[in-house]
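So you can see what is in the structure, the chains are spelled out below.
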Amino acid sequence: MTAGTRTTYLNEALLPLPFCPGCGHSAIVRHLDAALVQLQLDPRQVVLVTDIGCQGLADCYFDTNAFHGLHGRSITYATGIKLANPDLKVIVLIGDGGTGIGGHHLLNAARRNIGITVLVFNNLNFGMTGGEHSVTTPPGARTATTRQGHLERPLDLCATVGVNGAGFVARTTAYDKQLPALIAQAIQHDGFALIDIWELCTAYFVEHNRFNRALLEQTMADLGFGTGILYQHDGPEYSRAYRDALRDQRGQPVMPPQPLVPRYSSPLTAPCHIALAGAAGAKIGSAAAIFCQGAVLSGLWATQRSDYPVTVRSGHSVADIVLSQDDAFHVDTTPPDLMVVLFSEGLKKERGRIAHLSAKATLLIDAALLPVQTAARVVPLDFSTTRQKKETWALMALAALLEHTGLYPLEAFREAAALRPAFAEANLAAIEAGLTLLT
Amino acid sequence: MREFIDGAEAIARGALDAGCTFFAGYPITPATPILLHMIRELPKVGGIAIQAEDEIAALGFCLGAAMAGARAFTATSGPGIALYSEHIGLAIMAEVPVVIVDVQRMGPSTGGATTTAQGDIQFLRWGTSGGYPVIVLAPTDVYDCYRLTQRAFDLAERFRAPVFLATDKDTGATRATVESARFERVPVRARRLADPAGPFVPYGVERLDDVPPLAHLGGPHLVRLTSSSHDERGYLTKAPPDLDRLNRHLAAKIEQHQDEIALVEADLQPGAETLLIGYGITARPVQEAARAARAKGERVSALVVRSLWPVPEDAIRAALTGVRRAIVAELNLGQYRREIERLARDDQEVIGVHRVDGTLIGAEDILAEGGLA
Ligand SMILES: Cc1ncc(C[n+]2csc(CCOP(=O)(O)OP(=O)(O)O)c2C)c(N)n1
Ligand code: SF4
Ligand SMILES: [Mg+2]
C-alpha cells in the first residue's frame, strides 16, 4: 500500500461478513468497498447510514462513520446529517423492506434532491424477519406471506424517485461488474442518488421461488423495469440550496423585542377579568392584543388567553383578558367582571357565561343581539348606523368599554393601536367610531 | 423593558439563546407557532429550520443533525409525540442530545386541537419501548417557557439524552406581559467532545452513570451510533455483560443524577396540614390557593414541580413531611397524583383536583376540594 492509498474500507479484523452463503448483500458490500477505494475518500468524511434488516448489519464491517437507525427511517438521519454538514458523503444502505415502510421519506428526499446516496439492497423480500413480501416482491412470487403467489404490483423504485426529482437514478444487479463504478458515480453526484440493486436472498426468496440470477434479470425485463442510469440531472442540491436561499437572512436581528414603555396609569385596584367574544375572522384576537398592549402602556400587567375552534375563519373567537397591577401570570378561571359580546357566533358560544354573570358584572353587547338572559348590567352597543367593517367592531367595542369603565386611558389604547404602522390609521378610525357606540 | 408575548415566543427565544442551530418540525396546533418562529429566526444565526414530511422524519432529521454537530430542537403536540415514539427510543439508545417540546392538547387521539390538557404526563415518561428514563420539564408561565427551554438544552447536553418540555395550549398560547430583564440568559454549556487527539470509544464510560463524551460525524474520530443494543464501541452485541452494562448505564446516567435535574418551588409553612401540588398551568392556582387559605388562617404548604421526570422524590418527600394530606391539581384524571401517592406515607391522604373538560382549574376549585374555601 502506497502512502495515502487505501486498499479497503472494510475492517478486515471483523470479517467474514455475517450474511448467509450466497446472499447478494455480500456482493454489494464488496462493491461498495471497491467504490470507496476508487474514490479514496477520507473515511471520516463518509457516513454509512444503515436501515434495519440484514443489510443493516453492514456498517459494522466498515471503518467509516456509521449511524444505524430504525426500520425505514435511515433516510431521515441521512437528511439531518447532510443538512447539518453538506460536506459529508452520506450513504444510506437500505433494504427493499425499508423503502416500503419508509417510502414517505424516500419520496420526499428525492423530491428535495438532498445530496445523499441511497443503495437499495433489493432482494425482493424481507430477509431478516423470515422471507415475507415487500413492496418490490414481483407478482406471482411466493413468500412467507404470499403463499399462493403475490397478487400486488411491485413498486418501481427508480421511476418513483426519478419522476419526483431525484438527481441520479440507476438500476442493476448485485452481480454487475460495473457496480463499483456506478456506486462511485452515485456518491460523487451532488444531489439525491439512488441505485436499485437487485439481488438474491438465498435463505428465503431463492428457496421459495427456485430463483437465480437469470430469473432476476428476466423478472426485470418482464416488468419493463429498465436498467442502467435511468434519470440524471444537475438540479440544485437541497442542503446547499437552503443555505443559498437564506444567506441574506444571516445577521438580521433575532427576535427583536417589541418594548412597551408604561407612560400612563390606571385606577385599577383588583385584577379584572374581561371576556371578549365574537366571530372567528373578525380580528377578535388582534383587538384583544391591542387592548392588552394599551393596558401595559398604562402600567398594568395583562394576560390574553384565546379560545377558538380548529377552523380559522368560521365559528367563535373568544379572548379572555386579565388585567392587574401585579405581575402574577393571571389566567382567567373566575367569571368575567366585564364581558363584550359581538356577532351571533360570540353569543352562541357565550350564552352560558352570560347567564351566569353576577349582578356586579357589566355586559357590553351589540344591541342587535338583545335580549339576553343575564343578571349583569347590560350596556347595549349600537352598531346599526356604523359604516365600519365588521373586522373593526371588536376594537370599536373595546374603545366603548374603556370609555364606559375608565379602566385605563383611551390615549394608551390609541398608542397601542398605532404600534403597527400599516394598521395604525384604520385602527385609530375604529377607536374613534367606537366612542359613538354608547349613545 | 416590558413586552407582551406568548409562551411559544418565549420558547423560541430560549432555544435561540441556548445555542439551538437546528429545528425540524411538522405543523400541529397548538405547537405550530414554535415551528414558525424557528423557521423565521434560525437562518438569521446561520442555523437550519425545516418542515419535515411528518413527525417521524422531523425527529429523525434532528437526530442526524445533532450527531453532525447541531443543537437540535423540535416541537409538537400529543399526536406528534405518538409518531416520535420510536425515535425517542433511538435518542435514548444512541445517546443523542435533543430537545422536544410537547404543547399538550386534549387527547386521546386527535382530541381537541385547540383545547388545553395535561394528558401526556405519563405518556412522555413511558412513550417508547424499554422503559428507560427521560427528562421532562414543565413550565408554569411565559418566563418559565424561556428559562426551562434553555434548561432543557443544557440538560440534553449534560446527559446526551432527549429532554422534553411539557407545556400546554394555554401556557404556550396565552400572551402575557413580561419584564424582559427577567429573561435571564444562562451561559450555554459547551458540548462535551471527545479529545481529538486521544483514543475514542463511542460509548466508553468509566462508571455506569457517566455520560460518554461525544464525537461529531465528520470530526476527527470515526463515530459509530446505533439504535441497537451495543457494546462500548458501538458494535451490535447480545453478550449479557454488555447488555447489562448498556441498559444499567442508560438508567443510571439520569436516575443517579436526579439532584442535578430536580427543579421544584417549595413554599412550605411550618405545621401545615395540607400540601397543595401543581405543575405547568396548575402551578399558579396552587400558589394562589395557598395564599388565600393562609389569609383565612389555614396552615397550607404549596409545591410546584418543574421537573416532572425523573420525579424529584427527595423534594416531594420533604414537602410531604408532616402534612396530613396532599392535594394535586392537574388537567387529567390523576397522572401525577400516582407519583405523589407512591411517595406519600400510608397515613397521608392524596386528593386529586382533576379537570378534563378543557377549562382551567382555578384556586377556588382547589380551595373547595380541600374544604379550605
Ligand atoms: C418498526 C419496525 N417494524 C418491524 C420491524 C421488524 N423488521 C426487521 S427487519 C424487517 C424487514 C427487513 O427487510 P428488508 O428491509 O428488505 O431487509 P433485508 O433483511 O431483506 O436485508 C422488519 C420488518 C422493525 N425492526 N421495526
Ligand atoms: S436472510 Fe436473506 S438477506 Fe438475510 S442474510 Fe440470509 S440470504 Fe441474506
Ligand atoms: Mg430485503
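This one's a predicted model, so the numbers in the text were calculated from it and none came from an experiment.

With respect to the overall build of chain B
Then, number 1: Helix and strand counts for chain B stand at 13 helices and 16 strands.
Then, number 2: In summary, chain B has a C-alpha radius of gyration of 21 Å against a globular reference of 21 Å for 373 residues, a match within 12%.
Then, number 3: C-alpha atoms of chain B, sized along the principal axes, occupy 65 × 45 × 40 Å.
Then, number 4: Out of the 373 residues in chain B, the part that is buried amounts to 66%.
Then, number 5: If you take every contact in chain B between residues at least 6 apart in sequence, the share linking residues at least 24 apart comes to 75%.
Then, number 6: Of the roughly 12,500 Å² of accessible surface on chain B, a fraction of 51% belongs to carbon and sulfur atoms.
Then, number 7: Taking the average place of the 39 positive charges on the side chains of chain B and the average place of its 48 negative ones, the gap between the two points comes to 2 Å.

Here we look at the site of ligand 1
Then, number 1: For ligand 1, the set of nearby residues contains 17 residues, the closest of which are H25, C54, G97, G127 and M128 of chain A.
Then, number 2: Those chains with residues close to ligand 1 are chains A and B.
Then, number 3: The side chain of H25 of chain A places a nitrogen or oxygen atom 2.7 Å from an oxygen atom of ligand 1.
Then, number 4: Contact between ligand 1 and G98 of chain A: an oxygen atom at 3.1 Å from a main-chain N or O atom of the residue.
Then, number 5: Only α3 (96-101) and β5 (125-126) of chain A provide two or more residues apiece to the shell around ligand 1.
Then, number 6: No other element matches α3 of chain A, which puts three residues into the shell around ligand 1.
Then, number 7: Tallied by class, residues from the shell around ligand 1 come to four nonpolar, 11 polar and two charged.

Observations regarding the site of ligand 2
Then, number 1: Residues in close proximity to ligand 2 include F19, C20, C23, H25, C54, N123, G127, C201, T202, A203 and Y204 of chain A, which together make up its full environment.
Then, number 2: Residues belonging to the shell around ligand 2 are distributed by class as follows: seven nonpolar, four polar and no charged.

Observations concerning the packing of aromatic side chains
Then, number 1: Inspection of the entire model under this criterion finds 14 aromatic pairs over all chains.
Then, number 2: Aromatic pair W198 of chain A and F225 of chain A: ring centres 6.1 Å apart, planes at 90°, arrangement edge-to-face. With W198 of chain A in strand β8 (residues 193-198) and F225 of chain A in the loop between α8 (213-223) and β9 (228-232), this residue pair connects regions lying 27 residues apart in the sequence. Residue W198 of chain A shares its accessibility class with F225 of chain A, and that shared class is buried.
Then, number 3: Judged by centre distance (6.4 Å) and plane angle (45°), the ring pair of Y238 of chain A and Y242 of chain A falls under tilted. In this pair, Y238 of chain A and Y242 of chain A both sit in helix α9 (residues 238-246), four residues apart, roughly one turn of the helix.
Then, number 4: Accessibility expressed as a relative area gives 9% for Y242 of chain A, which makes it buried.
Then, number 5: Through pairs of rings, three or more aromatic residues link up here, namely F291, Y408 and F413 of chain A.
Then, number 6: For R182 of chain B, the ring lying beneath its charged end belongs to Y143 of chain B, and the centroid distance is 3.9 Å.
Then, number 7: Geometry around Y235 of chain B places R224 of chain B over its ring, the cationic atom sitting 4.4 Å from the centre.

Observations concerning the domain arrangement of chain A
Reports of interface size often rely on the accessible area that becomes lost once the parts have come together.
Then, number 1: Taken as a whole, chain A is organised into domain 1 (12-245) and domain 2 (272-434).
Then, number 2: Measuring from the centre of the C-alpha atoms in domain 1 of chain A to the corresponding centre in domain 2 of chain A gives 60 Å.

Here's the deal with the nonpolar core
Then, number 1: Counting 159 residues, the largest nonpolar core has F67 and F192 of chain A together with F22, I34, M38, F73 and Y336 of chain B as its most contacted members.
Then, number 2: Ignoring sequence-local partners within four residues, the contact set of I34 of chain B consists of A8, I11, F23, F73, A75, V101 and V103 of chain B.
Then, number 3: In terms of nonpolar packing, the next biggest core, distinct from the first, is built from 53 residues, I274, V296, L407 and Y408 of chain A among them.

Structural notes on the packing of helix α3 (residues 55-67) of chain B against helix α4 (residues 78-94) of chain B
Residues and elements named next belong to chain B.
Then, number 1: Direction vectors running N to C along α3 and α4 enclose 30°, while the axes themselves pass 8 Å from each other. Considering the angle they form, α3 stands roughly parallel to α4. Along this stretch, α3 crosses α4, giving a crossing that reads as right-handed. Contacts from E55, I56, A58, L59, G60 and L63 in α3 reach G80, L83, Y84, H87, I88, L90 and A91 in α4.
Then, number 2: Taken together, the residues that form the contact of α3 with α4 break down as nine nonpolar, three polar and one charged.

Thoughts on the interface of chain B and chain A
Then, number 1: On the chain A side, the residues contacting the 75 residues of chain B number 71 residues.
Then, number 2: When the buried surface of chain B facing chain A is broken down by residue, R2, F4 and K44 of chain B rank first, second and third, together holding 12% of it.
Then, number 3: If you look at where chain B meets chain A, you find four salt bridges.
Then, number 4: The partner of D327 of chain A in a salt bridge is R182 of chain B, with the nearest N and O atoms 2.9 Å apart.
Then, number 5: Between chain B and chain A we count 29 residue pairs in polar contact (both at pLDDT 80 or more) in total.
Then, number 6: The dominant element in the side of chain B that touches chain A, judged by the number of residues it contributes, is α3 of chain B, at eight residues.
Then, number 7: Sheet analysis places strand β2 (residues 65-68) of chain A next to strand β10 (residues 224-226) of chain B, joined by three bridges and oriented parallel. Within β10 of chain B, the residue paired with A66 of chain A across the bridge is R224 of chain B.

Cut-offs applied
Think of each chain on its own: its residues are numbered from 1, step by step along the sequence as written. For this description, chains carry letters from A and ligands carry numbers from 1, given in the order in which they are written. Whole-chain, interface and lining totals are the exception, using all residues; otherwise, since this is a predicted model, local features are given only for residues with pLDDT of at least 70 and side-chain atom pairs are given and counted only at 80 or more. Hydrogens and waters are ignored; side-chain quantities use all the structure's heavy atoms. By definition, any uninterrupted DSSP run of H or I lasting at least four residues is a helix, any uninterrupted run of E lasting at least two residues is a strand, and each is numbered from the N terminus. With C-alpha atoms as the basis for the radius of gyration, the globule rule is written as 2.2 Å multiplied by the number of residues raised to the power 0.38. Classification of residues uses two cut-offs on accessible area relative to the type maximum, computed with a 1.4 Å probe and protein chains only: under 20% is buried, over 50% is exposed, and between them is partly exposed. The contact rule is simple, with two residues in contact once any of their heavy atoms fall within 4.5 Å. Per-residue and other accessible areas follow the Shrake-Rupley method at a 1.4 Å probe size, with only the shown protein chains counted as cover for residues. The positive count covers Lys and Arg only, the negative count covers Asp and Glu only, and His and the chain ends enter neither. Where a charge lies is defined by one atom per residue type, namely NZ (Lys), CZ (Arg), CG (Asp) and CD (Glu). Residues are counted as near a molecule or strand when any one of their heavy atoms sits within 4 Å of it. A 3.5 Å cut-off defines polar contacts: any pair of N or O atoms within that distance qualifies, except that in protein one atom must be a possible hydrogen donor and the other a possible acceptor, and neighbouring residues in sequence count only when both atoms are side-chain atoms. Polarity classes work like this: nonpolar for Ala, Val, Leu, Ile, Met, Phe, Trp, Tyr, Cys and Pro, charged for Asp, Glu, Lys and Arg, and polar for all others, with Gly in that last group. Any pair of Phe, Tyr and Trp rings, taking the six-membered ring for Trp, is counted once the centres come within 6.5 Å. Such a pair is stacked with planes under 30 degrees apart, edge-to-face with planes over 60 apart, and tilted for the rest. Any Lys NZ or Arg CZ that is within 6 Å of a ring centre and within 35 degrees of that ring's normal is treated as a charge sitting over the ring. In this document the domain limits rely on a domain assignment from an automatic tool or a database. In these notes, a set of buried Ala, Val, Leu, Ile, Met, Phe, Trp, Tyr and Cys residues joined through side-chain atoms within 4.5 Å is what counts as a nonpolar core. In this description, a line fitted to the C-alpha atoms serves as the axis of each element, helices being fitted only across the stretch in contact, and the angle between N-to-C directions of two axes falls anywhere from 0 to 180 degrees. By definition in this entry, angles of less than 35 degrees are roughly parallel, angles greater than 145 are roughly antiparallel, angles of 65 to 115 are roughly perpendicular, and the rest are oblique. Note on convention: near helix rotated counterclockwise from far helix by under a right angle means a left-handed crossing. Clockwise means right-handed. Summed over both partners, the accessible area lost on bringing two parts together, with a 1.4 Å probe, is the buried area. Whenever a carboxyl oxygen of Asp or Glu lies within 4 Å of a side-chain nitrogen of Lys or Arg, that contact is scored as a salt bridge. For two strands to count as paired, DSSP must find a minimum of two bridges between them.

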